[in-house]
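# Fold and contact review
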Amino acid sequence: VTGVSFDDLVAVATVGTARKGLAVSELAGPAAGQAAVLDPADPAAALLDAAALLTVARRAGLQPAADVPAPAGAAAANGSAGSAERELSPRAVRLLRRLGAAEGGRGAAAADSAILAELLTAAGRAGLVLPAPLLPSLLDAAVRDAEVRPAVGAVLGARGRWLAAHRAQWQRAVYQARATGIAAADDALAGPAATSTASRAEAGLAAWRAGNRDERRALLAEARRRDPAAGRELLQAGWKRETAFDRAALLYLLRHGLSAADEDFLEAALDDRAAGVRDEARKLLGWLPGSAFRQRAANRAAPLLGVERRGLRRHLTVTLPGEPDAAAVRDGVPAASPLPGIGAAAWRLIHVLAAAPLATWRQLGLAPDALVALPVTDDRAAHVHAAWRRAVAREQEAASPSGGPGDAGLTAWALALLSASISHPAKWPPNVWPADAALAAALPADVRAGRAATLLKAARPDDRSTAYWVSAEVTACVSPWPPVLADAVTAVIIQAASRPELAALPRALLRVAGSSLPATGPRDYAATLTQLAAARPQDWSPLLQTAAETISLRAAFLAELRTAG
Amino acid sequence: VAGTLRGLSGLARGSDPAQEQWPARLLAEYGLLHLLARAHERRDALPAGLAAVVRSRVGYPVSRQDVLARPAVTGRWAVLAVRDLTDGAVPGRRVWLRESASGHWAMLLTFAAPNGAWQDPDTARLRPGTEIRADLHYYPGQPALRAVLGQRHDAGSPAEPGSADTPGAALRERPAPGRPDGDIEAMLTQWAAALEQDPWLTTWPVLLSGIPVPAGGGPGDKKPSDNKPSDTENGDQEAGGREAADAEPADRGGDGGTSGWQLADGAGNGLPLAARDSLWVLLAVSGGQPVTVAGEWHPDGLVALTTWHGEEVVPL
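Here goes a summary of the coordinates provided. Nothing here was measured: the structure is a model prediction, and the numbers come from that model.

### A few points about the packing of aromatic side chains
- Taken as a whole and assessed by the stated rule, the structure comprises seven aromatic pairs over all chains.
- On the numbers, 5.0 Å between centres and 65 degrees between planes, the contact of W170 of chain A with W280 of chain B is edge-to-face. Of this pair, W170 of chain A sits in helix 9 (residues 168–179) while W280 of chain B sits in helix 9 (residues 279–286), on two different chains.
- Judged by its relative accessible area of 2%, W280 of chain B is buried.
- Residues W191 of chain B and W297 of chain B carry aromatic rings whose centres are separated by 6.4 Å and whose planes lie at 80 degrees to one another, so their mutual orientation is edge-to-face. Note that W191 of chain B is positioned in helix 7 (residues 184–197) and W297 of chain B in strand 9 (residues 291–298), a separation of 106 residues in sequence. Just as W191 of chain B is buried, W297 of chain B falls in that class too.

Structure, rendered in structure tokens:
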């Protein structure tokens, strides 16, 4: 016989003791022996006292949950016995924390993303991994910020990968870190994956069928990374059942591991019902070296440009393309122009020329710099240059879907177009006339930095609009800067130090100097900035000291890695 | 008392699904308040220790001087956990100390003064992972827990190694956490014994070794589960009702939630862990292996406050 339980008391209390009587002569559980203290003459007091008795009895008598299973994969978390991973030293962690504090945040993950990327990449090269307590905050940083993702991916270690598997958003960030290919530290990953490939594949297939959009995208990206053909077959198998939105979104992921083996599938997608899917397929086929799509684009464009000698000078002659036939429409040649300032034929010209691989123009017998310098007939120079700029932007994306420099031919084209002085109507949007920054992105890091240094030397520091785009180009250069750019930046700052007012350009440069001036190498930039602040104190000198301190902390971290290694 | 009542008024309003049982929580709290009121009426007839508990729970002021006049307990006190109480009307800080030889616990409490400083800066400055040699004076009441910091015997050695950048300085004070008091079963037995001395007790210090287990178990297998015990968390007397608020982050369940986690000991027993973002740090440090955890046990679950990564103390 069980007595009055707490739930009984709740039931009585909810309707009132007057409506529902309470006979509390017996109490349930460990409080059973205590019912005698309850006062039967005052039901309300008895109810409350019984509640107190039962509450304390339940708290005191709490039983632990039994047979709690241990978390899976604890062995994977601690690495195989052979691969002892070394953690960052406590001093290195403190330096990271101070860099985070310098950014006004708390903890190591608050540091500037360029700094985190630099220092964690260096730590990864030194074979070090993050200490366990730092893993959650840096995994969060990798979720927030694509720039630090590969660097974090390289210092996770077995423990970090095990931890990331517990949280979908972390797992996605780790997948993406690997998909960029920079996180080459995949060796350890082979361990746990190899042991249970079959069960993983099965679990993956189930998740592919039942998962939500994000999970399925992550799965396909990962499948493409492991085995591009298997990933494509996974997509192909259920292709007809996907919605138009999902077809386009998933097709997008074939950019990982794109190869000639994907061509037939993509070519078929050109006939898809959904315009979004057709656009995506054209984009990928346009990236695929040697694809029939690119050959068709080259064939269509080649007759439109020629080089003719008129008098003493050579000219670039332009022929407008005719109405597109069905095959041209299938390949994306537009019938009408979306911009009021450009006629349908001119728009088609831009599109057809832009779709052609840049190598098409070798047939004209001139190098890129000579070609872009030619005068163009019929005032078509802006149209032709717009098309070439778009081609450079596309080839750059194709060379490296995550952004990054292209090959030597592409570099020549980008440099030639950047130095050409062709004016274009101001109202052309970037998808018609890609900005200089988009072309500069195709340059190798050192060439881009050299170009930025040249721009800096030519810039007037107090011209606000110049300051804006020059500093944007400097900031876009890979950090830490090579000496040529670092010295040019320092020169601008030194020049500014004689003035009490800080002009726009040096101010913008000082904001990134601390994270991007090299912390190692022949020249000690921290010392240069510190001396500058001491020699010519100005109202804005604290900016110099902050930058100098950041450089010193980075240098100390990198030195710590060397002593630890 | 006032703090508890403030916490209760929020109970019935709460829209959180976990608070659907608010009538039960409310009844439990009313029952305990009624018990306190009745005990207060009869306080002269109670044993001295219990009478002291009743006076302190009702809120009779005890001056710092009176506490300092009580016998000193001298020892090497390791700072095992620090908890900032941010939800109350006045921000507070609770510091859990454990005597290295005897294993006795003590809790120091200080609040922010109106000028933003701490009323007791020496207490507020204490950091987990440090150790002080000092006299503590316990407040009247049982079990002896709350105390004030009296005479220091360590020449005021800096208790803040965190800011030092030289490795030597940081190593100066880093005592081991001490041996856990036992497994979960033993801890719950101690908790029951403490409730016998103070039935209104809702905060109890814990030093355990265990494995944090996320809801649903292993990686990639997360099911939203809500196996929190139905018992109520009544804010303790100093900071009523605040636990409920910080134990429920917005992202309950699903991706990133930490509700339904447990701490499992070697005997296979599990204690519910109160949901907090920092449980991810605890999981990272554990790597699926047992770790030492210092924290506060509440009727709702264990609030993990400190763990140790090798020699290094990790505040959670």
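### A look at helix 5 (residues 113–125) of chain A
All names here are of chain A.
- Between the first and last C-alpha of helix 5 there are 18 Å, a value that for 13 residues agrees with the 18 Å anticipated at 1.5 Å per step.
- Burial analysis of helix 5 places 10 of its 13 residues in the buried class, which makes it a mostly covered element.
- Among the residues of helix 5, those classed as buried are S113, A114, I115, L116, A117, E118, L119, L120, A122 and A123.
- For helix 5, the N-terminal capping position is held by D112, with its side-chain oxygen 2.9 Å away from the main-chain nitrogen of A114.
- With its phi angle positive at about 80 degrees, G127 sits one or two positions after the end of helix 5.

### Re unusual backbone geometry
All names here are of chain A.
- A cis amide bond, omega -5 degrees, links S479 with the succeeding residue P480.
- Here P480 lies in the loop between helix 25 (464–476) and helix 26 (483–496).
- Residues other than glycine seldom take positive phi values, yet D378 does so here, at roughly 60 degrees.
- Look at D378 and you get exposed, because its relative accessible area is 57%.

### Remarks on the sheet that holds strand 5 (residues 146–152) of chain B
Residue and element names in this part refer to chain B.
- Judged by pairing direction, the barrel is mixed, and its five strands sit side by side in the order 1-2-3-5-4 before closing back on the first. Direction aside, the axes of adjacent strands within the sheet are offset by 60 degrees on average.
- Where strand 4 (residues 131–138) and strand 5 come together, four bridges link them in antiparallel fashion. From the neighbouring strand, A134 faces strand 5, where its bridge partner is R152.

### Overview of the pattern of salt bridges
- Evaluated as defined, the whole model comprises 34 salt bridges over all chains.
- The partner of D331 of chain A in a salt bridge is R296 of chain A, and the shortest N-O contact between them spans 2.7 Å. In this pair, D331 of chain A is assigned in the loop between helix 18 (326–330) and helix 19 (344–355) and R296 of chain A in helix 17 (residues 292–301), connecting sequence segments 35 residues apart.
- Using a relative accessible area of 5% as the deciding quantity, one classes D331 of chain A as buried.
- The exposure class assigned to R296 of chain A is partly exposed, which follows from its relative accessible area of 24%.
- For R76 of chain B, the salt bridge goes to E131 of chain B, with nearest N and O atoms at 2.7 Å. With R76 of chain B in strand 1 (residues 72–85) and E131 of chain B in strand 4, this pair connects stretches of sequence that are 55 residues apart.
- Taken together, the shared-partner salt bridges in this structure form one network comprising E267, D271, R296, R300, R330 and D331 of chain A.

### Here's the deal with the environment of Q171 of chain A
Residue and element names in this part refer to chain A.
- On the secondary structure map, Q171 appears in helix 9.
- The exposure class assigned to Q171 is partly exposed, which follows from its relative accessible area of 26%.
- Each residue touching Q171, except ones within four places of it in the same chain, is listed here: A164 and A165.

### Side note on helix 2 (residues 43–60) of chain A
- With 18 residues, helix 2 of chain A should reach 26 Å at 1.5 Å per residue; the first-to-last C-alpha distance of 25 Å fits that figure.
- Of the residues making up helix 2 of chain A, those classed as buried are A45, A46, L47, D49, A50, A51, A52, L54, T55, V56, A57 and R59 of chain A.
- In this fold, the buried residues of helix 2 of chain A make contact with helix 1 (6–15) of chain A together with helix 2 (22–41) and helix 7 of chain B.

### Topic: the packing of helix 25 of chain A against helix 27 (residues 504–516) of chain A
Residue and element names in this part refer to chain A.
- It is at 8 Å that the axes of helix 25 and helix 27 come closest, and there the two elements cross at 25 degrees. When the axes of helix 25 and helix 27 are compared, the pair comes out roughly parallel. With respect to the hand of their crossing, helix 25 and helix 27 are arranged in right-handed fashion. When helix 25 is examined against helix 27, the residues R464, A467, V470, S471, V474 and T475 are found in contact with a partner set consisting of A504, L505, A508, L509 and V512.
- Residue classes in the contact of helix 25 with helix 27 are distributed as eight nonpolar, two polar and one charged.

### What about the environment of A556 of chain A?
Residue and element names in this part refer to chain A.
- Residue placement: A556 occurs in helix 29 (residues 541–564).
- Taking C-alpha positions, A556 is 31 Å from A441, a pair spaced 115 residues apart along the chain.
- Look past the residues within four positions of A556 in its chain and what remains in contact with it is R91 and L95.

### Points about the pairing of strand 11 (residues 312–315) of chain B
All names here are of chain B.
- Bridge count between strand 10 (residues 301–309) and strand 11: four bridges; the pairing is antiparallel. Following the sheet pairing, H309 is matched in strand 11 by E312.
- If you look at the hairpin formed by strand 10 and strand 11, you'll find two residues sitting between the two strands, and G310 has a positive phi there, around 60 degrees.

Criteria and cut-off values
Residues numbered from 1 in each chain as written. Chains lettered and ligands numbered in written order. Predicted model: local features only at pLDDT ≥ 70, side-chain atom pairs only at ≥ 80, totals over all residues. Heavy atoms only, no water. Phe/Tyr/Trp six-rings, centres within 6.5 Å; stacked < 30°, edge-to-face > 60°. Helix = DSSP H or I, 4+ residues; strand = E, 2+ residues; numbered from the N terminus. Buried < 20%, exposed > 50% of the residue type's maximum accessible area, 1.4 Å probe, protein only. Expected span 1.5 Å × (residues − 1). Polar contact = N/O pair within 3.5 Å; in protein donor to acceptor, adjacent residues only side chain to side chain. Pairing = 2+ DSSP bridges. Axes fitted to C-alpha atoms, helices over the stretch in contact; angles between N-to-C directions. Salt bridge = Lys/Arg side-chain N within 4 Å of Asp/Glu carboxyl O. Contact = heavy atoms within 4.5 Å. Parallel < 35°, antiparallel > 145°, perpendicular 65-115°, else oblique. Left-handed = near helix turned anticlockwise from the far one by under 90°. Nonpolar A, V, L, I, M, F, W, Y, C, P; charged D, E, K, R; others polar.

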